[in-house]
Structures are given as C-alpha cells and as structure tokens.
Amino acid sequence: MKVTVHPTTCIASAHCSRTAPRVFANRDEDGGFVRLLDANPPESEWAAVREAAELCPSATIHVENSE
C-alpha cells in the first residue's frame, strides 16, 4: 500500500489521525492540517488507512493498493 495526501485540500477535520494515528498526524504547529507519517504503512495499518480515506471529507487521502 502506498499512501499520499494533498495537504492543500485538507480541511483539518482530524478524522485521519484519530482513525490511523500511526500513519497520519494533525498537529497544532501545522495548523491542524494533515501530515503523512508513513507513506508505506505495514499491513496491520491498512484497514485503518482505508477507513481514514473513506472518512476524509475533503478526499485529501489517496491509497494505492499493492496487493
């Protein structure tokens, strides 16, 4: 799995960091906007990453499956 984010479309809802905190962060020092922590997360995080992408109200998260 490869994950990319487009921070210019992020609206700082923080659904991603609550759903997959090992992969995404929404930090105050970044204005609450998404920061990608792991572009190639381990398989144990895949379900959470997919859920975060589905929950993202601005479609900022893009997932490319490698399976």
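Each remark here, short or long, concerns the structure printed above.
In this report, the structure presented in the accompanying data block is examined.

Rules and cut-offs
Residues numbered from 1 in each chain as written. Predicted model: local features only at pLDDT ≥ 70, side-chain atom pairs only at ≥ 80, totals over all residues. Heavy atoms only, no water. Core = buried A, V, L, I, M, F, W, Y, C linked by side-chain atoms within 4.5 Å. Buried < 20%, exposed > 50% of the residue type's maximum accessible area, 1.4 Å probe, protein only. Helix = DSSP H or I, 4+ residues; strand = E, 2+ residues; numbered from the N terminus.

In terms of nonpolar packing, the biggest core is built from 15 residues, with Val 3, Cys 16, Ala 20, Phe 24, Val 34, Val 49 and Ile 61 touching the most fellow members. Contributing elements (two or more residues each) for this core: strand E1 (2–5) and helix H2 (46–55). Of the residues forming this core, the biggest block, 4 residues, is contributed by H2.

The subject of this paragraph is unusual backbone geometry. A positive phi angle is found at Ala 12, which is not glycine, with a value near 60°. Looking at the secondary structure, you find Ala 12 in the loop between E1 and helix H1 (15–19). Its identity is not glycine, yet Ala 59 carries a phi of approximately 55°, on the positive side. Structurally, Ala 59 can be placed in the loop between H2 and strand E4 (61–64).

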